[in-house]
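Breakdown of the fold
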Amino acid sequence: MNTDTADNRADAADIKAIEQVVATVERTQRARDAEGFLALFHPDALWTTAHGKVLLGFDEIAEFTRAVLPDAAWDGDVTYEVVHTRFLRPDVAAVKVRQVYHSAEGDTEGAPLYVMTRQDDGSWLLHAGQNTEVRGG
């Protein structure tokens, strides 16, 4: 099967753009850069943190992020890896991410699901997110 069709090239470009958004999530989380992180969100976004806090709309996400991220208390590093992308429509993608906080006491993991939407300019934004803490066992 020939995978070099226009649709596959577009999907490959979209996947690369989505992976760049997730890489920016990682970079801004590591830097505790609230404004850089917030620049990734759609104005109508909704977000649920790993601990179940529901944030509806950009203003609530921004208020929470600005209060929490700059003083986040992890002592190691954090990594984000796209593990699966499914296009629900050409301009909407469900993106499963593996999030790992690395510390001297051991790693802890989250399993975010991001719903991302492609904007008119071709960029992708976080439109909805649900993070789930992964517990051992």
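Since the model is a prediction, treat every value here as computed from it, not as a measurement.

Side note on the nonpolar core
Core analysis: the largest hydrophobic core is formed by 24 residues, its most contacted members being Phe41, Trp47, Val95, Tyr114, Met116 and Leu126. Put simply, the parts of the chain that give this core at least two residues each are helix H1 (6-31), helix H2 (34-38), strand E1 (41-48), helix H3 (58-68), strand E3 (77-89), strand E4 (92-102), strand E6 (113-118) and strand E7 (124-130). When residues in this core are grouped by element, the largest group, 4 residues, is from H1. With residues up to four places along the chain from it excluded, the contact list for Met116 reads Ile18, Val21, Asp91, Val92, Ala93, Val95, Trp124, Leu125, Leu126 and His127.

Re the pairing of E1
Side-chain positions along a regular strand alternate between the two faces of the sheet. Where E1 lies against E7, 4 bridges are found, and the strand directions are parallel. Paired with Trp47 across the two strands is Gly129, which belongs to E7. Between E1 and strand E2 (residues 54-56), which pair antiparallel one after the other, the connecting turn spans 5 residues, and Gly52 there sits at a positive phi close to 90°.

A look at the packing of aromatic side chains
Inspection of every chain in the model, using the stated rule, returns 5 aromatic pairs. Taken together, a centroid distance of 5.0 Å and an interplanar angle of 80° make the contact between Phe37 and Phe41 edge-to-face. Each of the two residues, Phe37 as well as Phe41, counts as buried. Centre to centre, the rings of Phe41 and Trp47 are 4.9 Å apart; their planes meet at 75°, and the pair counts as edge-to-face. Residue Phe41 is classed as buried on the basis of its relative accessible area, which comes to 5%. Judged by its relative accessible area of 12%, Trp47 falls in the buried class. Taken together, the ring pairs in this structure connect Phe37, Phe41, Trp47 and Tyr114 into an aromatic cluster.

So, the confidence of the model for the chain
Interpretation of the predicted coordinates at a detailed level should be avoided for regions scoring low in pLDDT. Summarising the model, the chain shows a mean pLDDT of 89, and 88% of its residues fall at 70 or more. Here residues 1-6 scores under 50 on pLDDT; set against residues more than four positions off or in separate chains, the count is 3 contacts.

Looking at the pattern of salt bridges
Overall, the coordinates contain 7 salt bridges when judged by the stated rule. Arg66 serves as the salt-bridge partner of Glu35, at 2.7 Å between the closest nitrogen and oxygen. Of the two residues, Glu35 sits in helix H2 while Arg66 sits in helix H3, which places them 31 residues apart along the sequence. In this structure, Asp91 and Arg89 form a salt bridge, with 3.0 Å as the shortest nitrogen-oxygen distance. Take Arg89: its relative accessible area is 49%, and that puts it in the partly exposed class.

Observations concerning the pairing of E4
Two elements, E3 and E4, share 11 bridges in a ladder whose sense is antiparallel. Along E4, the bridge assignment pairs Thr79 with Val100. Linking E3 to E4, which pair antiparallel, is a turn of 2 residues. Bridge count between E4 and E6: 5 bridges; the pairing is antiparallel.

Scoring rules and cut-offs
Residues numbered from 1 in each chain as written. Predicted model: local features only at pLDDT ≥ 70, side-chain atom pairs only at ≥ 80, totals over all residues. Heavy atoms only, no water. Core = buried A, V, L, I, M, F, W, Y, C linked by side-chain atoms within 4.5 Å. Buried < 20%, exposed > 50% of the residue type's maximum accessible area, 1.4 Å probe, protein only. Helix = DSSP H or I, 4+ residues; strand = E, 2+ residues; numbered from the N terminus. Contact = heavy atoms within 4.5 Å. Pairing = 2+ DSSP bridges. Phe/Tyr/Trp six-rings, centres within 6.5 Å; stacked < 30°, edge-to-face > 60°. pLDDT = per-residue confidence, 0-100. Salt bridge = Lys/Arg side-chain N within 4 Å of Asp/Glu carboxyl O.

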